[in-house]
There are 4 protein chains.
Amino acid sequence: MSLSGVIPPVCTPLTPEGEVDTASLVRLADHLIGGGVDALFVLGSSSEVAYLTDAQRRTVLETVIGHVGGQVPVLAGAIDMTTPRVLDHARVAAAAGASGLVVTAPFYTRTHPGEIRTHFRTVAARTGLPVYAYDLPVSVHTKLGADLLLDLAAEGTLAGVKDSSGDDGGLRAVILGREAPFSVLTGSEVTVDAALWMGADGVVPGLGNVDPHGYVKLYRDAARGDWQAARAEQERLARLFAMVHVGGARMGGSSSGLGAFKAALHLRGIIDCPLTALPQTPLNEDEVGRVGKLLAAAGLL
Amino acid sequence: MSLSGVIPPVCTPLTPEGEVDTASLVRLADHLIGGGVDALFVLGSSSEVAYLTDAQRRTVLETVIGHVGGQVPVLAGAIDMTTPRVLDHARVAAAAGASGLVVTAPFYTRTHPGEIRTHFRTVAARTGLPVYAYDLPVSVHTKLGADLLLDLAAEGTLAGVKDSSGDDGGLRAVILGREAPFSVLTGSEVTVDAALWMGADGVVPGLGNVDPHGYVKLYRDAARGDWQAARAEQERLARLFAMVHVGGARMGGSSSGLGAFKAALHLRGIIDCPLTALPQTPLNEDEVGRVGKLLAAAGLL
Amino acid sequence: MSLSGVIPPVCTPLTPEGEVDTASLVRLADHLIGGGVDALFVLGSSSEVAYLTDAQRRTVLETVIGHVGGQVPVLAGAIDMTTPRVLDHARVAAAAGASGLVVTAPFYTRTHPGEIRTHFRTVAARTGLPVYAYDLPVSVHTKLGADLLLDLAAEGTLAGVKDSSGDDGGLRAVILGREAPFSVLTGSEVTVDAALWMGADGVVPGLGNVDPHGYVKLYRDAARGDWQAARAEQERLARLFAMVHVGGARMGGSSSGLGAFKAALHLRGIIDCPLTALPQTPLNEDEVGRVGKLLAAAGLL
Amino acid sequence: MSLSGVIPPVCTPLTPEGEVDTASLVRLADHLIGGGVDALFVLGSSSEVAYLTDAQRRTVLETVIGHVGGQVPVLAGAIDMTTPRVLDHARVAAAAGASGLVVTAPFYTRTHPGEIRTHFRTVAARTGLPVYAYDLPVSVHTKLGADLLLDLAAEGTLAGVKDSSGDDGGLRAVILGREAPFSVLTGSEVTVDAALWMGADGVVPGLGNVDPHGYVKLYRDAARGDWQAARAEQERLARLFAMVHVGGARMGGSSSGLGAFKAALHLRGIIDCPLTALPQTPLNEDEVGRVGKLLAAAGLL
């Protein structure tokens, strides 16, 4: 499987009690597939994976994979601190029928590049699934260097990378350096045309929850070589992306960004409740109003 | 319960296959209690909590709490990324009979001081156990400020703090600012006499696994006002602590530090196997040899 | 003056004694202008500005501005910790005839966004020269946010930004948000086609010292809409850029990167001596050999 | 010269126009010497060295050294980004009659431990003065490790260290590891009794500008073994130190801390004007009022 195209990290709708709202989750999956996306990525950062209990993670996996029924591949985040804990999540994801795993470098511990290699190698060896590295220094406080990624690609450990580092120079080094098939996916919502231009295979946009059609149009414009159209679509989406800052300094970046995505999905009628998990700060009425204005300006409301 | 004294974070011995070696764990608990410690802290960073699966964490809790049988309190780390996941660990710890919980600020997510307050308040409200804040910026990339700790102490949310930040100025601000009973425990192995001198209530020393008698002597010397003896003992222990650097730049800090503690416990005959969990780098023969020399120099071999 | 095009940060050749080698500096300026660049930027990070004494900085300014004689604009870095010290450098640069100033946020001190605004406003008000913000978080440990830059652009404080943050999402936010003329220049050597595609006005490439013709070709290809040619040229330059890693973990990043640029300029016969300033680590023979191979592969030797 | 005792980093009073107020500076020096301090340290971080132009730095050196006339040693900060620039400051300080130099690791550049060694060795070799390492990671973003310091001490490069890292574990490692005479001075205002207890030789307290008598009493209490009295004095000073937070989130840490020291000196009648240099944010009336209350509570007003 060589992944490409638009692969949104699926938000996890919650009930007012904080449990997974499976009805809304199914509607969201349909909304995304209906928007033309190429695969789904559940249990990523935009899915609030860091906030979901193991039982909730399992519910998400079974709900989405069961509902999708093979229409598109479903990648699963196996996000935890170290190898043994990641392996536990990986086993659950494999049993649920995930098409591939998304795995970060170890975090919380003080690690080392050699240990990061051991980590990915062990996860790949002990699961039968393609492993995608998740490069997310803002969360794990380690940047996956191009050399490390290219070595792990060449030896067959990694099937690809989801690069949410914002470092497009590093992204290009991986694109230019790869020899075996290796999916390079950008996680930066606002430079997708540029990443595709450089040779990236696809995008994993959190904002794609809100506007999957936009990212699909952008990808398809680029794929058929109409870069002007791709750029115009990207610029529209970049203006919409401003919603992630709506909470400002009043809250953490996760609360603001994920709160905005969920508020937008709620305003668009796709999910029943915009709640984010504890201990995130909820958006207030004014902030939700500003999300609504951005949606309206983007033609989505 | 107002905790004081020596409360070692109990290492988790593993079998060669990477499972919890309960026989060695029981021996280690006996070694610590025999050394005179005042309480045990399982599932802390020195326990490799970041590497233990949920099943292994449960095994540790049940093994130690069951074996100790109330001789001393047993604190349990409930270490995970956010509130819902911490609550899951807290429930398991409570069911196993833990005397209190040790909880860090959220990590992996981009958080905010207001959200950290919500986090501790929620954990305290939903469990019936005393909650100790675990200030560990090297792992969670957030420093718990004195104001935040003192507010949460005054309102009764927190029962104490384990300060592993290395910032003794901040430690003193908490000591001088507290009004209600609030246990201040240092996690810095090499400045214990100084912390006690400032008014700290106790110490949570990873190195206490290797030499509990030393830390107990240090604490008791200080408690009866013989500061010269306390300092001499601390200086002996500070020299022993050099073992944590034995792996140097060849590996991550966790591998070197926890590897050294386990190598020392193995050399002293307390645990059967010095293995650390994946993806940590094992110490080589030379490095183990240097641990042995430091043990010998400290009169422990 | 609205700056655009290729504006290399001019390396500062040194004699074996560590003084500015003005003959080599003049040759380098001719090499760059002969390569077709649109302006020069002296006393930037790639110029080793952090290593040059005030007297050496003055020599560089007078040598280059005097030699260039108005053929192209010459920007001058006024790089120091805070406003009063930056103003001193700015006065020297203005007296020497610089066309504009390049200024970072304060560093060494613990600063605040409001203070960064005061800093740029004061420098702009007290000098008669256009001020370009230099966004270089790797050196000054502060990221200039899009909001701050756009505010300072709208009020006329800043004439542009040199973005060396590597954050192309932030770069795009500035491009999309600017209303007044405001030069957006990327400092990332390997994503220039992408930055121009997004609407950036130009590039300030350290590697442009070594191969100005390449960056000029890339810029002109893009300017006339031949993006395929621009990308091909950028990819050639991206492979050449690998030279900056030649020193590996044996030395600091400045030593390796600036050492490689100077080794390449020496191998190409443009400067007499490849020495970098103290306390940088010199490249060894093997490392210089690898620079030579990259030059040969790029058709430059 | 083996330095010990209380060595305050002398604040630099400014006129309303931002120039060095030499009359106030002389009064401040007299206030400190009258308070019993053992030496003065000019051009440190608390002296706003980062904000002073070269001419102002020279004025400070000549004013203080000239006025003090050898009553106590005067150390001079030679604070700049790299070796050549530090050497320039060092020459001025030597010519002015400084007794020793205080030097940080390189900053702004991306450096390496080997290059930090070269830096200190070069400065020591090319000046005839004792060199004290200034360990200030909050400003220079590099921590000076105990191994590096001990090596440079053993070879005679360094005469001592001013440790403002807040890492008392590292401080102790240097104290226990030193063999040759090597002055260990803490820069942490609120753990001085603890540092002296561990074997430190003295303290460089910014707050010592405001209350030199307090730090001198603390040091002398400790020196004659009356640790209870030393602790009581330290606790009084720790409460006074709260003034550094008076500006809160409204400004940067330098503005708040240095603004508070200067406001206190102004309220106490020692300096004529509490201005801090640009681009720092001035304290407002309410904030100055709170500084006054802390002074009153400490018996200083």
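For the structure, check the block above.
What counts as what
- Residues numbered from 1 in each chain as written.
- Chains lettered and ligands numbered in written order.
- Predicted model: local features only at pLDDT ≥ 70, side-chain atom pairs only at ≥ 80, totals over all residues.
- Heavy atoms only, no water.
- Contact = heavy atoms within 4.5 Å.
- Buried area = accessible area lost by both parts, 1.4 Å probe.
- Salt bridge = Lys/Arg side-chain N within 4 Å of Asp/Glu carboxyl O.
- Helix = DSSP H or I, 4+ residues; strand = E, 2+ residues; numbered from the N terminus.
- Pairing = 2+ DSSP bridges.
- Least-squares fit on C-alpha atoms with pLDDT ≥ 70 in both.
- Buried < 20%, exposed > 50% of the residue type's maximum accessible area, 1.4 Å probe, protein only.
- Polar contact = N/O pair within 3.5 Å; in protein donor to acceptor, adjacent residues only side chain to side chain.
- Right-handed = clockwise from strand over helix to strand, strands pointing away.
- Disulfide = S-S within 2.5 Å.
- Phe/Tyr/Trp six-rings, centres within 6.5 Å; stacked < 30°, edge-to-face > 60°.
- 1 Å grid on protein atoms, 1.4 Å probe; cavity = no way out; pocket = protein on both sides within 12 Å on 5 of 7 lines; lining within 4 Å.
- Points joined across faces, edges and corners; volume = space filled by probe spheres on them.
- Nonpolar A, V, L, I, M, F, W, Y, C, P; charged D, E, K, R; others polar.

*Asks:* Now, about the interface of chain A and chain C: what can you tell me, with residues and values included?
*Replies:* Contact with chain A, which involves 19 residues of that partner, is made by 19 residues of chain C. Buried surface at the junction of chain A and chain C, both sides included, amounts to about 1700 Å², of which 59% is carbon and sulfur. For the chain A face of the interface with chain C, the top three residues by lost area are Arg172, Leu176 and Trp197 of chain A, together amounting to 41%. Our count for the chain A to chain C interface comes out at two salt bridges. Within the residue set of the side of chain A that touches chain C, elements represented by two or more residues are helix H7 (168-177), helix H8 (192-198) and helix H10 (227-241) of chain A.

*Asks:* With reference to specific residues and values, describe the sheet that holds strand E1 (residues 5-6) of chain A.
*Replies:* All names here are of chain A. Sheet architecture is open: eight strands sit in the order E1-E8-E7-E6-E5-E4-E3-E2, paired in parallel fashion. Each of the sheet's edge strands pairs with one partner strand only, and the pair in question is E1 and strand E2 (40-42). In this sheet, strand E3 (residues 74-77) lies alongside E2 in parallel orientation, the contact comprising three bridges. Note that in E3 the partner of Val42 across the bridge is Ala76.

*Asks:* Break down the relation of the copies chain A and chain B for me, citing the residues and quoting the values.
*Replies:* Between chain A and chain B, which share one sequence, the superposing operator has a rotation angle of 180° and an axial displacement of 0.0 Å; the RMSD is 0.0 Å. The relationship between the two copies is best expressed as a two-fold rotation axis. Residue by residue, 100% of the interface of chain A is reproduced at the interface of chain B, so both copies engage with the same surface.

*Asks:* Which residues make up the side chain of Thr281 of chain A, and what are the values?
*Replies:* Structurally, Thr281 of chain A is set in the loop between helix H11 (253-267) and helix H12 (285-297). For Thr281 of chain A, a relative accessible area of 17% corresponds to the buried category. Of note is the side chain of Thr281 of chain A, whose polar atom sits 2.9 Å from the side chain of Glu115 of chain B.

*Asks:* I'd like a description of the side chain of Ser47 of chain A, backed by residues and values.
*Replies:* Residue and element names in this part refer to chain A. Its location among the elements puts Ser47 in the loop between E2 and helix H2 (54-68). Exposure remark for Ser47: the relative accessible area of 0% places this residue in the buried category. Once residues lying within four places of it in the same chain are set aside, the contact partners of Ser47 are Pro9, Val10, Cys11, Thr12, Phe41, Val42 and Leu52.

*Asks:* Account for the pairing of strand E7 (residues 183-186) of chain C, with residues named and values stated.
*Replies:* Residues and elements named next belong to chain C. A two-sided burial pattern is seen for E7, the buried positions comprising Ser183 and Leu185 on one face and Val184 and Thr186 on the other. Sheet analysis places strand E6 (residues 160-163) next to E7, joined by four bridges and oriented parallel. The partner of Lys162 across the bridge, within E7, is Leu185. Considered for its hand, the β-α-β crossover made up of E6, helix H7 (residues 168-177) and E7 is right-handed. Handedness of the β-α-β unit built from E7, helix H8 (residues 192-198) and strand E8 (residues 202-203) comes out right-handed.

*Asks:* For the relation of the copies chain A and chain C, give the residues involved together with the corresponding values.
*Replies:* If you rotate chain A by 180° and push it 0.0 Å along the axis, it lands on chain C with an RMSD of 0.0 Å. Same-surface contact between copies: 100% of interface residues of chain A are shared with the interface of chain C.

*Asks:* Describe the state of the cysteines, and please don't skip the residues or the numbers.
*Replies:* Per the counting criterion, the structure on display carries zero disulfides over all chains. The thiol of Cys11 of chain A is unpaired, and the distance to the nearest cysteine sulfur, on Cys273 of chain A, comes to 13 Å.

*Asks:* Describe the packing of aromatic side chains, naming the residues involved and giving the relevant values.
*Replies:* Overall, the coordinates contain 16 aromatic pairs over all chains when judged by the stated rule. Measuring from ring centre to ring centre gives 5.0 Å for Tyr108 of chain A and Phe107 of chain B, while their planes differ by 45°; the resulting arrangement is tilted. Placement of the pair is Tyr108 of chain A in the loop between strand E4 (100-104) and helix H4 (113-126) and Phe107 of chain B in the loop between strand E4 (100-104) and helix H4 (113-126), with the two residues belonging to separate chains. Here the two residues Tyr108 of chain A and Phe107 of chain B agree in accessibility, since each one is buried. Taken together, a centroid distance of 6.4 Å and an interplanar angle of 10° make the contact between Trp197 of chain A and Trp197 of chain C stacked.

*Asks:* Explain empty space enclosed by the protein to me, and be specific about the residues and the numbers.
*Replies:* Residue and element names in this part refer to chain D. Summed over the entire model, instances satisfying the criterion amount to five cavities of 30 Å³ or more. Size it by volume and the largest cavity reaches roughly 50 Å³. Contributing to the lining of the largest cavity are Phe41, Leu75, Val102, Tyr132, Val161, Lys162, Leu185 and Val204. When grouped by side-chain class, the residues that make up the lining of the largest cavity number seven nonpolar, no polar and one charged.

*Asks:* Got a sec to walk through the environment of Gly252 of chain B? Specific residues and values, please.
*Replies:* Inspection of the secondary structure puts Gly252 of chain B in the loop between helix H10 (227-241) and helix H11 (253-267). For Gly252 of chain B, a relative accessible area of 3% corresponds to the buried category. Each C-alpha atom, one on Gly252 of chain B and one on Gln280 of chain B, is 7.5 Å from the other, the two residues being 28 residues apart in sequence. Setting aside chain neighbours within four positions, we find Gly252 of chain B in contact with Arg110, Thr111, His112 and Glu115 of chain A.

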